[in-house]
Structure formats: structure tokens, C-alpha cells
Amino acid sequence: MTEVKRLFDFPYYQLENKPNDAALVTKYDGVWVKTSTQEYIDKANTISRALLKLGVKKDDKIAVISTTNRTEWNIMDIGILQVGAQNIPIYPTICAEDYEYVLNHSESIYCFVSDEEVLEKVNKVKANTKIKEVYSFDHIKGCKHYSELFELGKDTSNQNEVEARKDAVKSSDLATIIYTSGTTGKPKGVMLSHWNITSNALESFPRVPLKGNDTRVLSFLPICHIFERLLIYVYQYAGTSIYFAEGIDKIGENAKEIKPNLMSVVPRLLEKVYDKIMAKAAELSGIKKALFFWAVALGEKWEPYKQNGAWYELQLKIANKLIFSKWKAALGGELYTMVSGSAPLQPRLTRIFSAAGMQIMEGYGLTETSPVVSVGKYADHLFRVGTVGKPINGVEVKIADDGEILIKGPNVMLGYYKDPEKTASVMTDDYFHTGDKGEIDVDGFLKITGRKKEMFKTSGGKYVIPTLLENELKQSRFIEQIMVIGEGEKMPAALIQPNFEFIKDWIERKQENIGTSIEEIVNSEIIQSRIQEEVDKCNKKFGKWEQIKRFELTPEIWSIDAGHLTPTLKMKRDVIKKMYKDLIEKIYRP
């Protein structure tokens, strides 16, 4: 019986306990292609044999960069780890200069890329790195295809050497270095051991509501990020079928095709889905419109475990039949749970989607904690709206005197690669300092209240937690992104990126005499006045010292490519401040 102690043990455990004909499924040329557990393992072993023939030694680093999640990524992952080398996943969306930094800092010797766009960036910097060869998953002219390794590893005569390498890998050995996108400065290389991630997967498994081999999962969050990667190992342990979406823009289409039961999400995605639903609702009229908004209002009052009583549940049944069932159908009709991570989720969205039969289990973690610290689960009363559930077994959470969340457990990283000083700065004995602030309620549920570093003090000496204001205002359909500023200034203010898509529809519906270009929207007094209403409504919920006194609308869409956001859609606050220093001057020194 395979005991799961290292990351490459997961597929072998699946083969022995829950073999699956559709373990990994990727769409090629319009057709979903299934890879069985056995084929997955066979291909990973072929890759391992080929890597040995290429001279890959223990602790060599191999970079893998893929625009979308796909079967090949997972085969490479196991193939690399089995020979005692390390998988260095890189965010596909970062710039060529950052590719160069990560490839050099990690000392990667081979690089596997998904497509032409990624290859182009790698080729720009390859000469300045130690990369011996680049292989691609797609067939690209002038680049070696990764199938060449299957040819190279076809001869099984060195499989004994692969087995010896596998046996030599300890659970405490380094498995991967994950370069955090970071909101400031160069990426940090987080060193995670096999046991860091494996123990986290095994302890997270009981919190995920899976139904064995019959469960279909849709995977689309970047697998280079530890959140999705960890879940992929959990799904393998459970023996579920993992379908890899063709891209974020194809989630709806792919969901209708495969009818997933489960998927992981980030709050921004749920906000966008909700905004689209609400935009369509605005086009309704008469009884249909009234019923729609009655259902939404009902959903906003949802409480778990039927706490609202029988009359509420009866109304909810009607709302589900008439309205919410259509929401569910848009995502395949069989989705029952979404696991949310990466950033705080508006409680209102938790309630509405859960009311619609798509329960949202919010979790909390960091790359440095492999990543899961805590997560909700509807069963066993481990779920509470507005919290990130209870810590998983084996992970200890302590709240410091200043409110910072400290973590201790087998999931805490080995350290930052080549940076012992930085590592020492975030550790106190065995406790990792998260930089997040939180509180644990009387029943043991963890609630995140903000980022320690993001909290600032105005010139009047008053503390402001920007995330509280931002999360409140992002509930407005007029606002796509917002960053609250005001450190050392006399008052809090905000930079706001309007939701241009929604506002264009709003202008047409209201038949306002406003142009619909980005510039015209930003400069429109009518739009500024309407957003002021949203700010005023928000301000009523906060103390006078923390209310937003002024704001400016930014004339661009904040994006990863333009540098406003990290690949996990978090704001790069320092970058945004630099980009809009003129607007900040206008606010504080008009």
C-alpha cells in the first residue's frame, strides 16, 4: 500500500485505491482527451527516464511555464519530482525581465513552455540564463516538442535508476520553489518541501466535499500558484476527474460541457459573474424583474443550517425553482461547491451563491503555508459566513498582541530561497508571521480583518484599515477596483477604476447624454456624482475619521498586463500610487 509522504506518491495512491479512466482531462482541437491514472504514471516515468538521460541530477531545477492548466503540466510535475529534482513553476503573465530573474535566481537548467507567447518571452532572455534547452507542449516551429522526451525515455532499461532516485527522496526534501508575485519588489522564492505540501493536502482533504470517482472538477486558477496546485493533489488523492478549462474566458462554456460538481475560485471572478447576472437582470421588466430582485433580496438574507426557519426555506425553494436554477444552469447545472481563496470574499456573495445551491467555502492561507491554514466546510457545522472556517488539523493559529495572525505547523515553508535574512524576519521560533490581521471567535472560527502593512495612520493619528472600505465599495456595480489612500495625509481618499462595462449599459438604459468612451465616462459629472452616491452610502457604515472624503476616477482598466495587479489579481499598491501620483496630488494638493 502506497503511503503518501511525497508529492509523487499521490498518483500511485490513486492507482491502488481509486483508479480513474479520466484522471486528467484536457481539450485539444475541440475534443476532451482523457488520461487515465495508469497512463499518467506511465508518462511521468517516461519523463523521469528521459530526464536521467539528459543528465538531470538530484536538486537540479526545471522551470515549467503554462498559460493554462493542462495534463502535460502534471505529467512533468511528477516526472521531475521523482528524480529528486525541483519543479519551478513560473507565472506565464509576468514580463520577460521577471522570467530572466526567476530563471537565474532558481538556476533552472531546462524550461518547459505551453505556447508561442510564453516561448517568445523565454527566448528573449534565454541567452542570459543557464537554460540548456526549451521544450514546448504545443507544436511550435523552431522549438523542441516535449514528446521528444517520450521518445528518449521509451527505453525502460534505466527505470531501476528512476526507482532508486524515488526511494532516495525524503519527505523533508525540497520539492518546489514558488516565486510569489509580490505587490512590491522582486519575487521571493518560497521553498516548500514534499511534506509541507503533502501534509497540507492530506489535512485539507477532509474539508473538501468530494464524491469520489464520480466527482468532476473544473480547474482554471493558475496551477503555478500553490492554491490550485494543492487542490490538484487533493483531487488526485480523492480519485476525482480533473478537467482543465481552456482559459478563464471559456469557464462558462467548459462548465456547460462537463457539468462540474466542484471548482476553486477567487473573489474577483465571483464578483464578475454576479455583475453579469445583475446586468442581465436590469434588462428585465414587469413580473420577471420583480421576481428576480425578490430572489436576490431573499438570497442576501441566507443563513446556513436553515437558521432562518421553515417559512424562509419554503420561499427559497420557490426562488431556486424560478430564478437560481438558471444561474446554476449557466455553470453546468451540477455545481454544488466552490472553494474560494486568495483574497477576502464579500459575505453578501457567500450568502447569495449559497442560497442558489452553490455553496462557497472560503479558505485562508499563504504560499508560505503551503497554503491552507483554515477552510470552511458545510458539513459538521464548520461553516460560518464572514469567516474562513476553522484551522485544519495540525496547523496552529495564534493571534499576536497587535492582531497579527501567526502560523505554526508542518505546512510552514523551509524558507525563502537564498535569503536567510528575509526568512528570519518572518519567523519567531516556529511561528510564521503572516502580515495579516485577524481574530478567532469563541467557537474557533478565524476571521481576517486586514493586512498589517496596509493599515495606515492619517496625519491626525487615526488608524484606517483600507481593505474594510474597499471590500464594502467593491459591492457597487459602478466600481470595478478601488484603492483607499491617505497615509500621513489629513484624510482618507480613494483611487477608483469604474466598471466601464456596466456603466456603458447604464448610460444606454438611462438614455443619459454621455459618451461611452473610457475618457468620457471618467470626465462625466453625472458618473462622478453617481459614484459619489455609492461612496456616501459606504461612508455611513464607518467612523468619521475613516470615511472617504475625496476620490478620483482612473482613466484605465487596472490589469495584470498593465502592472496594476498581481497574477492572483491583488492590487500592487505602490505601483498604483506611482502610476497615479498626479491624481493623488490633485486630491491632496489641488
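This is a predicted model, so every value here is computed, not measured.

S.K.: Where do I start with the nonpolar core in this structure?
M.R.: Residues Phe112, Tyr146, Leu218, Phe220, Phe324, Trp327 and Met338 are the most contacted members of the largest nonpolar core, which totals 119 residues. Tallying contributions element by element places helix α9 (residues 226-238) first for this core, with ten residues.

S.K.: Can you help me understand helix α11 (residues 267-281) in this one?
M.R.: Helical periodicity: at 3.6 residues per turn, an α-helix aligns residues three or four positions apart in one direction. Here α11 contains 15 residues, and its C-alpha end-to-end distance of 21 Å stays within 8% of the 21 Å for a straight helix at 1.5 Å per residue. In terms of burial, α11 is a largely internal element, eleven of the 15 residues being buried. Looking only at α11, the buried set comprises Pro267, Arg268, Leu269, Leu270, Glu271, Tyr274, Asp275, Ile277, Met278, Ala279 and Ala281.

S.K.: Sorry if this is basic, but what is going on with the side chain of Thr367 here?
M.R.: Within the secondary structure layout, Thr367 lies in the loop between β14 (359-365) and β15 (372-375). Overall, Thr367 belongs to the buried group, its relative accessible area being 10%. Ignoring anything within four residues of it in the chain, the contact list for Thr367 reads Ile178, Thr180, Val190, Leu192, His225 and Ile226.

S.K.: Can you walk me through unusual backbone geometry in this structure?
M.R.: What you tend to see is this: most non-glycine residues have negative phi, and most peptide bonds are trans. Cis geometry marks the peptide bond from Ser370 to Pro371; its omega dihedral reads -10°. Along the chain, Pro371 turns up in the loop between β14 and β15. Residues other than glycine seldom take positive phi values, yet Asp29 does so here, at roughly 50°. Checked against the element boundaries, Asp29 lands in the loop between β1 (24-28) and β2 (31-35). A relative accessible area of 81% means that Asp29 is categorised as exposed. A positive phi angle, near 55°, is found at Lys306, a position not held by glycine. Assignment of secondary structure puts Lys306 in the loop between α12 (286-300) and α13 (310-330).

S.K.: What am I meant to see in the pattern of salt bridges here?
M.R.: Between side chains of opposite charge, pairing is possible as soon as their charged atoms come close. Using the criterion set out here, one finds 29 salt bridges in the structure. Among the salt bridges present, the one from Asp155 reaches Lys53, with a minimum N-O distance of 3.7 Å. One end of the pair, Asp155, is in the loop between α6 (147-152) and α7 (159-168); the other, Lys53, is in helix α2 (residues 37-53), with 102 residues separating them in the sequence. Owing to a relative accessible area of 37%, Lys53 belongs among the partly exposed residues under this scheme. When salt bridges with common partners are traced through the structure, they connect Lys27, Glu246, Lys250 and Glu257 into a single cluster.

S.K.: Would you take a moment to explain the pairing of strand β11 (residues 241-244) for this structure?
M.R.: Taken residue by residue, a regular strand's side chains alternate between the two faces of the sheet. Side chains Ser241 and Tyr243 of β11 all project onto a buried face; the interleaved residues Ile242 and Phe244 project onto the opposite face, where all are buried too. In terms of strand pairing, β1 meets β11 through three bridges, oriented parallel. When the sheet's bridge partners are listed, Thr26 is paired in β11 with Phe244. The sheet contact formed by strand β10 (residues 216-219) and β11 spans four bridges and is parallel. From the neighbouring strand, Leu218 faces β11, where its bridge partner is Tyr243. Regarding topology, α9 serves as the crossover connection from β10 to the parallel β11, and that connection is right-handed.

The rules behind these values
- Residues numbered from 1 in each chain as written.
- Predicted model: local features only at pLDDT ≥ 70, side-chain atom pairs only at ≥ 80, totals over all residues.
- Heavy atoms only, no water.
- Core = buried A, V, L, I, M, F, W, Y, C linked by side-chain atoms within 4.5 Å.
- Buried < 20%, exposed > 50% of the residue type's maximum accessible area, 1.4 Å probe, protein only.
- Helix = DSSP H or I, 4+ residues; strand = E, 2+ residues; numbered from the N terminus.
- Expected span 1.5 Å × (residues − 1).
- Contact = heavy atoms within 4.5 Å.
- Salt bridge = Lys/Arg side-chain N within 4 Å of Asp/Glu carboxyl O.
- Pairing = 2+ DSSP bridges.
- Right-handed = clockwise from strand over helix to strand, strands pointing away.

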